[in-house]
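# Summary of structural features
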Amino acid sequence: MRRILDLTGTSNVTALRLRLFAKVNKVPKGEWVIGRGWDQEGFTERRYPSRDDIDDLTRDNPVFLTRVCGHVALLNSVAMNQLGIDDGSTSEEGSVFEKDSRGRLTGIIKERAVEEALGEIRPWNDELIEADILAGEYEAAKNGLTSLHCILSSNYEQELKALLSLHAKGELALRYRIYLPVAGLEKLEEGESRQRVDDGMLKILGVKVYADGSLGARTAALREPYSDDPTNSGVLRYTGEELEEILRKADSLGKQVLIHAIGDAAVSQAIDAIESITRGKNERRHRIEHCSLCNGEMITRLKEAGIGVCVQPHFAISDTWALERLGEGRLRWLYPLKSLLKGGVTASGGSDAPVEPVNPILGMWAAMVGADYSPEERLDVHEALRLYTKNAALNGFDEGNLGEIREGFLADLTILDSDIRNIHPAMLRKVGVAATVVNGQVAYSYEGLP
Ligand SMILES: [Zn+2]
């Protein structure tokens, strides 16, 4: 298995074809070509690519290219054959196999179908996974991150093995808070991962479950249909009972569940499920990831049920099509950062990398400048900082050790090249990281620093 092909920034289907063509020429016959990062909203055509767009580039390699959000993928015909996806494959239970008007598969699959297909693709190479982890870690350290809340993919067993091996060799420089996909809950149940590491540097905290998809792909589950697709309200991947079952199991193992919920239907489904299992005492801190479309009444329910959220302020900058998808009325409650904080909800800041840039300063900048449609949701610099420090520590069970610079706390520090306390928001994105210190050790320092 080779490195993942980066398709971010491709501006049309031809650009995607060119990058894929360059890649398939370097990959031995029969090997999988995995890519990520295309976005039909960034294409001049503004349509999904199909297998007919890429089938002529290789007859020998299965190709699997996920959209920027990770919730949609384009497969070539070779890949579909190998995965057993054929005209008999029908969309059900949160899985979508897109077909054209004549009922022929287009090569586009969505949501659970993506997850299941990725789980089938083997083999991946251990050494390359370790190298990829270290490369990603360096990027994070360079951007001033000291701890990573790290969501493993459907290939989690191999990824976990690589992380544990790097940890045992003393090669990890940052802290890892690890979440497996929901299939990993069974493994935790068998106690397999539990008996291994759980120290301050690396902890397996729980699982991430996807209640819905993304707004960009129109798979986020909405209460009312999409404004630019009135026949579609998105995809709820699980029933409420199924979510409750996952929460119950995790609770009994002492593990935390992150529920990915973007549309308002998914967010309220997640709140219902957590409420009914924890009855106001959310001790395992099950939290909602993204929580993108969330109105005032839902914010009150989050607070009362003790449910924290992890928000991605940079979405508001990237989602230039938000008005088309949701219409004006609903935009008021898209990414309600200030209302969440004012409402007493523990909101931490995430990047959703590789969906958005990993840089937390860009996240803070985005939280401060916000989107034009809801200026009332813009944060000040102290609130923005809290998302990435104190609240992040709380959402990862690290309060009392991390998230603040205080006597008795662990020495995780990010040293910036400017004082940001009174900075103009527009200048914040220019601020650089001089050094990143984790557990008293320098994990990164700007060239030229002693
Ligand atoms: Zn997510």
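Worth saying up front: this structure is predicted, and the values here are computed from it rather than measured. (Residues numbered from 1 in each chain as written. Predicted model: local features only at pLDDT ≥ 70, side-chain atom pairs only at ≥ 80, totals over all residues. Heavy atoms only, no water.)

### Description of the sheet that holds strand 2 (residues 33-38)
In space, the six strands of this open sheet follow the order 1-2-3-4-6-5, with mixed pairing throughout. Only two strands of the sheet have a single neighbouring strand rather than two, namely strand 1 (5-6) and strand 5 (95-99). Taken together, the five bridges between strand 2 and strand 3 (residues 63-67) define a ladder with parallel strand orientation. Within strand 3, the residue paired with Gly35 across the bridge is Leu65. Across the sheet, helix 4 (residues 112-120) is in contact with strand 3, strand 4 (72-75), strand 5 and strand 6 (105-111); its angle to strand 6 comes to roughly 95°. (Pairing = 2+ DSSP bridges. Helix = DSSP H or I, 4+ residues; strand = E, 2+ residues; numbered from the N terminus. Contact = heavy atoms within 4.5 Å. Axes fitted to C-alpha atoms, helices over the stretch in contact; angles between N-to-C directions.)

### Quick notes on empty space enclosed by the protein
Empty space among the atoms can be located by rolling a probe the size of a water molecule over them. Evaluated as defined, the whole model comprises two cavities of 30 Å³ or more. Counted as a void, the largest cavity has a volume near 80 Å³. Lining the largest cavity are 13 residues, with Ala316, Tyr335, Leu337, Gly370 and Ala371 sitting closest to its centre. Classifying every residue of the lining of the largest cavity by side-chain character gives nine nonpolar, two polar and two charged. Size it by volume and the second largest cavity reaches roughly 50 Å³. As for the second largest cavity, its lining consists of His290, Cys291, Ser292, Val311, Gln312, Pro313, Tyr335, Pro336 and Leu337. Along the lines of polarity and charge, the residues of the lining of the second largest cavity split into six nonpolar, three polar and no charged. (1 Å grid on protein atoms, 1.4 Å probe; cavity = no way out; pocket = protein on both sides within 12 Å on 5 of 7 lines; lining within 4 Å. Points joined across faces, edges and corners; volume = space filled by probe spheres on them. Nonpolar A, V, L, I, M, F, W, Y, C, P; charged D, E, K, R; others polar.)

### So, the environment of Ala113
Among the secondary structure elements, Ala113 is positioned in helix 4. Placed 44 residues apart in sequence, Ala113 and Cys69 show a C-alpha to C-alpha distance of 14 Å. Sequence-distant contacts of Ala113, that is, excluding residues within four places in its chain, are made with Ser95, Val96 and Phe97.

### Notes on the packing of aromatic side chains
This model, assessed by the stated rule, comprises four aromatic pairs. Both rings, one in Tyr138 and one in Tyr444, keep their centres 6.1 Å apart while their planes meet at 70°; by these two values the pair is edge-to-face. Taken as a pair, Tyr138 in helix 5 (residues 126-142) and Tyr444 in strand 16 (residues 441-445) lie far apart in primary sequence, 306 residues in all. With relative accessibility at 46%, the residue Tyr138 sits in the partly exposed group. An angle of 55° between the planes, with centres 6.0 Å apart, marks the rings of Phe315 and Tyr335 as tilted. One end of the pair, Phe315, is in helix 11 (residues 315-318); the other, Tyr335, is in the loop between helix 12 (322-331) and helix 13 (337-342), and 20 residues separate them in sequence. On the accessibility criterion, Phe315 (6% relative accessible area) is buried. (Phe/Tyr/Trp six-rings, centres within 6.5 Å; stacked < 30°, edge-to-face > 60°. Buried < 20%, exposed > 50% of the residue type's maximum accessible area, 1.4 Å probe, protein only.)

### Topic: the coordination of the zinc ion
For a metal bound by four donors in tetrahedral geometry, the ideal donor-metal-donor angle is 109.5 degrees, whereas six donors in octahedral geometry ideally sit at 90 or 180 degrees. Around the zinc ion, the protein contributes the donor atoms Lys208 (NZ), His260 (ND1) and His290 (NE2), which lie 2.1 to 2.2 Å from the metal centre. All donors to the zinc ion come from one chain, and their sequence spacing reads K-x51-H-x29-H. Residue Lys208 is located in strand 9 (residues 202-210), and its partner His290 is located in strand 11 (residues 287-290); the two are separated by 82 residues in the primary sequence. (Donors = N, O, S within 2.8 Å, 3.2 Å for Na, K, Ca; no water.)

### With respect to unusual backbone geometry
Cis geometry marks the peptide bond from Ala353 to Pro354, where omega comes out at 10°. Relative to the assigned elements, Pro354 resides in the loop between strand 13 (347-349) and helix 14 (360-369). Even without glycine at this site, Arg218 takes up a positive phi of about 55°. With respect to the element layout, Arg218 can be found in the loop between strand 9 and helix 8 (240-253).

### Some words on helix 4
Those residues of helix 4 not exposed but buried are Arg112, Ala113, Val114 and Ala117. Lining the buried residues of helix 4 we find strand 3, strand 4, strand 5 and strand 6.

### Structural notes on the domain arrangement of the protein
Looking at the assigned domains, one finds that the protein contains domain 1 (5-120) and domain 2 (126-407). Inter-centroid distance (C-alpha atoms) of domain 1 to domain 2 is 26 Å. At the interface, 19 residues of domain 1 touch 19 residues of domain 2. The contact between domain 1 and domain 2 buries some 1500 Å² in all, and 51% of this surface belongs to carbon and sulfur atoms. Where domain 1 packs against domain 2, one counts four salt bridges. Close ionic contact of Glu111 with Arg237 constitutes a salt bridge, the shortest N to O distance being 2.7 Å. Linking domain 1 to domain 2 there are nine residue pairs in polar contact (both at pLDDT 80 or more). Only strand 6 and helix 4 provide two or more residues apiece to the side of domain 1 that touches domain 2. Of the residues forming the side of domain 1 that touches domain 2, the biggest block, four residues, is contributed by helix 4. Its residues assigned to classes, the side of domain 1 that touches domain 2 comprises six nonpolar, four polar and nine charged. (Domains from an automatic or database assignment. Buried area = accessible area lost by both parts, 1.4 Å probe. Salt bridge = Lys/Arg side-chain N within 4 Å of Asp/Glu carboxyl O. Polar contact = N/O pair within 3.5 Å; in protein donor to acceptor, adjacent residues only side chain to side chain.)

### Observations concerning the sheet that holds strand 13
Spatially, the seven strands line up as an open sheet ordered 7-8-9-10-11-12-13, and their pairing is parallel. In this open sheet, the two edge strands, each paired with only one partner strand, are strand 7 (147-151) and strand 13. Shown here is a sheet whose adjacent strand axes are inclined to one another by a mean of 25°, direction ignored. When strand 9 meets strand 10 (residues 256-261), the two strands line up parallel, connected through five bridges.

### Some details on the pairing of strand 9
Burial analysis of strand 9 places eight of its nine residues in the buried class, which makes it a mostly covered element. Across six bridges, strand 8 (residues 175-181) lies against strand 9 in parallel orientation. Bridge pairing in strand 9 links Tyr179 to Gly206.

### Some remarks on a negative patch on the surface
On the surface, Glu92, Glu93, Glu116, Glu120, Glu241 and Glu242 cluster together into a negatively charged patch. Looking at the negative patch, the elements with two or more residues in it are helix 4 and helix 8. (Patch = residues over 30% accessible without salt bridge, like charges linked within 9 Å, V, L, I, M, F, W, Y side chains within 5 Å. Areas by Shrake-Rupley, 256 points an atom, 1.4 Å probe, with all protein chains shown as cover. Lys, Arg positive; Asp, Glu negative; His and termini not counted. Charge placed at Lys NZ, Arg CZ, Asp CG, Glu CD.)

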